[in-house]
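Structural description and commentary
Given next are the chains, with one letter for each unit.
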Amino acid sequence: MIRRWLRRGLTLALVVSLALTLYAGARIWADPALSPYRDAAAQEIEAALDRHLADLAPGAIPDRIAARLVEDPRNWIALDALDTLAQERGQTLPPDLRAAFDAARAEDAGFFANAANCAACAYDPAACALSNVFLCHAPIALTPIGDVAAITRGAIAYMAGEAVDRIDVTLAIVGLGATVTVVASGGTSLVAKAGASGLKLARNMGRLSPRLNATLARAATDGVDWMALRRAGSMEDIAASLRAEAFAPVVSIAADLERVRAATDMTTALHLLPLVDDATDATRLARAAEALGPRITARAEVLGKSRLLRATVRLTDTAFALIGGLMGLILSAGVLIANALQTRLFAVLRRAAIRAAADP
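The sections below set out a description of the structure shown in this document.

Criteria and cut-off values
Residues numbered from 1 in each chain as written. Predicted model: local features only at pLDDT ≥ 70, side-chain atom pairs only at ≥ 80, totals over all residues. Heavy atoms only, no water. Helix = DSSP H or I, 4+ residues; strand = E, 2+ residues; numbered from the N terminus. Buried < 20%, exposed > 50% of the residue type's maximum accessible area, 1.4 Å probe, protein only. Contact = heavy atoms within 4.5 Å. Areas by Shrake-Rupley, 256 points an atom, 1.4 Å probe, with all protein chains shown as cover. Core = buried A, V, L, I, M, F, W, Y, C linked by side-chain atoms within 4.5 Å. Salt bridge = Lys/Arg side-chain N within 4 Å of Asp/Glu carboxyl O. 1 Å grid on protein atoms, 1.4 Å probe; cavity = no way out; pocket = protein on both sides within 12 Å on 5 of 7 lines; lining within 4 Å. Points joined across faces, edges and corners; volume = space filled by probe spheres on them. Expected span 1.5 Å × (residues − 1). Polar contact = N/O pair within 3.5 Å; in protein donor to acceptor, adjacent residues only side chain to side chain. Bend = angle between axes of the 7 residues up to and from the residue. Axes fitted to C-alpha atoms, helices over the stretch in contact; angles between N-to-C directions. Parallel < 35°, antiparallel > 145°, perpendicular 65-115°, else oblique. Left-handed = near helix turned anticlockwise from the far one by under 90°. Nonpolar A, V, L, I, M, F, W, Y, C, P; charged D, E, K, R; others polar. Phe/Tyr/Trp six-rings, centres within 6.5 Å; stacked < 30°, edge-to-face > 60°. Lys NZ or Arg CZ within 6 Å of the ring centre and 35° of its normal. Lys, Arg positive; Asp, Glu negative; His and termini not counted.

This part takes up the overall build of the protein. When you go through the protein residue by residue, the secondary structure sums to 19 helices and 2 strands. In the protein, buried positions account for 40% of the 360 residues. Residue pairs at least 24 apart in sequence account for 74% of intrachain contacts in the protein once pairs closer than 6 positions are excluded. Per element, the accessible surface of the protein, about 19,200 Å² overall, is 63% carbon and sulfur.

Right, here's the structure in full:
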């Protein structure tokens, strides 16, 4: 009797769990506005990352500083952020590491070292160090002058039958604001224009991830009518040569890059850009930057991309309902299967015992 009622209870639990799971899944499927995730508040982002920092091994920050010190050129955006984080956490660097840190700073801060790097940077963005790119190259790269130059180079190469750097031209078009017709509203066009110039500079410095480069390449191929662009004589003509849907991811990423810059600075935004693979990454990085400000750099260094970006989202009530339903479904099904196997086993054992007793 008890076993029968137990099976009925488990069957009921299975049905209820299945109904909850199907209901939550159907709501998410039917309503695109529903999502299993929500944006985390700034306080939630800080709290989540502080918990991760508390779990770090004692040598994590010194080890990261030591690894950064052997790079050439050294990334002082990351090194200074890590040094500050160590002080915030009350960690004193080992004497030999502190001595190496100070010696490296004195070496890289010298006038002749900076002058030589700045000259190379002004000529070739790939030779720029993050610490002086804004001084040496950005005054041109982040203004309309650089965008006009990129489009002019592309046009000259096209007319000469040479290979055109389509990604560079595409970002220059966004930077000049020709995509105002593909941006929805709310001043996003101005934000995207500024971010596109940063993207162009980052690409020339080799600071874009392979997936982000692929996104830009798709936009450059699918988003521009290159024959129409060749005949363009005004910004209106340039805008008319664009296909809005192909540009949407680029515009979104550019706008989020500008949000990162506004929350920190351009060099920090360039430093963090390799973490971005797609528009979702860019949005989450911008959210983290707005919550943390300049402190985001050190946390990205020691925690990595996954934990940093994961801290910017939280599960919604719909997600908890779906997870609860799935767990109940699995648990109920497992118990029912185990009960059925147990009943079957006992039946086999009883028959075997009866046959054994019947044998003389």
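Another point: the nonpolar core. Core analysis: the biggest nonpolar cluster contains 68 residues, and Ile65, Leu199, Leu273, Leu285, Ile296 and Leu308 have the highest contact counts within it. Excluding anything up to four places from it in sequence, Ile65 contacts Leu79, Leu82, Asp83, Leu93, Leu97 and Phe101.

In total, this model carries 18 salt bridges according to the counting rule given. The salt bridge involving Glu301 is made with Arg68; its shortest N-O contact spans 2.6 Å. Of the two residues, Glu301 sits in helix H18 (residues 296-310) while Arg68 sits in helix H3 (residues 60-69), which places them 233 residues apart along the sequence. Neither residue differs from the other here; Glu301 and Arg68 are each classed as buried. Salt-bridge contacts for Asp102 lead to Arg98; the nearest nitrogen and oxygen are separated by 3.6 Å. Taken together, the residues Asp102 and Arg98, both in helix H5 (residues 95-108) and 4 residues apart, mark about one turn of the helix.

Counting across every chain of the model gives 1 cavity of 30 Å³ or more. Reported here for the largest cavity is a volume of approximately 40 Å³. As for the largest cavity, its lining consists of Ile253, Asp256, Leu257, Val260, Leu273, Val276, Ala282 and Leu285. Looking at the lining of the largest cavity, the elements with two or more residues in it are helix H15 (244-263) and helix H17 (279-292). Considering every element that reaches the lining of the largest cavity, the biggest residue donor is H15, with 4 residues.

Another point: helix H4 (residues 76-88). Here H4 contains 13 residues, and its C-alpha end-to-end distance of 18 Å stays within 8% of the 18 Å for a straight helix at 1.5 Å per residue. Listed as buried for H4 are Trp76, Ile77, Ala78, Leu79, Ala81, Leu82, Asp83, Leu85 and Ala86. For H4, the N-terminal capping position is held by Asn75, with its side-chain oxygen 3.1 Å away from the main-chain nitrogen of Ile77. Of the residues one or two after H4, Gly90 is the one with positive phi, at around 70°.

So, about H15. For H15, which comprises 20 residues, the first-to-last C-alpha distance of 28 Å matches the rise-based estimate of 28 Å (1.5 Å per residue) to within 8%. Val250 marks where H15 bends most, by close to 25°. If you check which residues of H15 are buried, you get Ala246, Phe247, Val250, Val251, Ile253, Ala254, Ala255, Asp256, Leu257, Glu258 and Val260.

Moving on, we come to the packing of H17 against H18. Direction vectors running N to C along H17 and H18 enclose 140°, while the axes themselves pass 12 Å from each other. As the angle between them shows, H17 and H18 are arranged oblique. Note that H17 runs across H18; the crossing there is right-handed. Residues Asp281, Arg284, Leu285, Ala288, Ala289 and Leu292 of H17 pack against Ile296, Arg299, Lys305, Leu308 and Leu309 of H18. Looking at side-chain class alone, the contact of H17 with H18 contains 7 nonpolar, no polar and 4 charged residues.

A few words on the packing of aromatic side chains. Per the stated rule, a full pass over the model turns up 1 aromatic pair. Measuring from ring centre to ring centre gives 5.4 Å for Trp76 and Phe101, while their planes differ by 85°; the resulting arrangement is edge-to-face. Of the two residues, Trp76 is situated in helix H4 and Phe101 in helix H5; the sequence distance between them amounts to 25 residues. Looking at Arg98, its charged tip hangs above the ring of Phe101, at a distance of 5.1 Å from the centre.

In this fold, Ala78 is placed in helix H4. C-alpha separation for the pair Ala78 and Leu272, spaced 194 residues apart in sequence, amounts to 9.8 Å. Beyond its immediate chain neighbours, meaning those up to four positions away, Ala78 contacts Arg68, His271, Thr297 and Glu301.

Glancing now at the side chain of Arg207. Assignment of secondary structure puts Arg207 in the loop between helix H11 (188-204) and helix H12 (210-222). Buried and without a salt bridge, Arg207 has Glu301 as its closest oppositely charged side chain, separated by 7.4 Å. At a separation of 3.0 Å, a polar atom in the side chain of Arg207 contacts the main-chain carbonyl oxygen of His271. When residues no more than four places from it in sequence are discounted, the contact partners of Arg207 are Leu130, Ala202, Leu270, His271, Leu273 and Pro274.

Residue placement: Val169 occurs in helix H10 (residues 166-175). Judged by relative accessible area, Val169 falls into the buried class, the value being 4%. In sequence terms Val169 and Lys200 are 31 residues apart; their C-alpha atoms lie 9.2 Å from each other.

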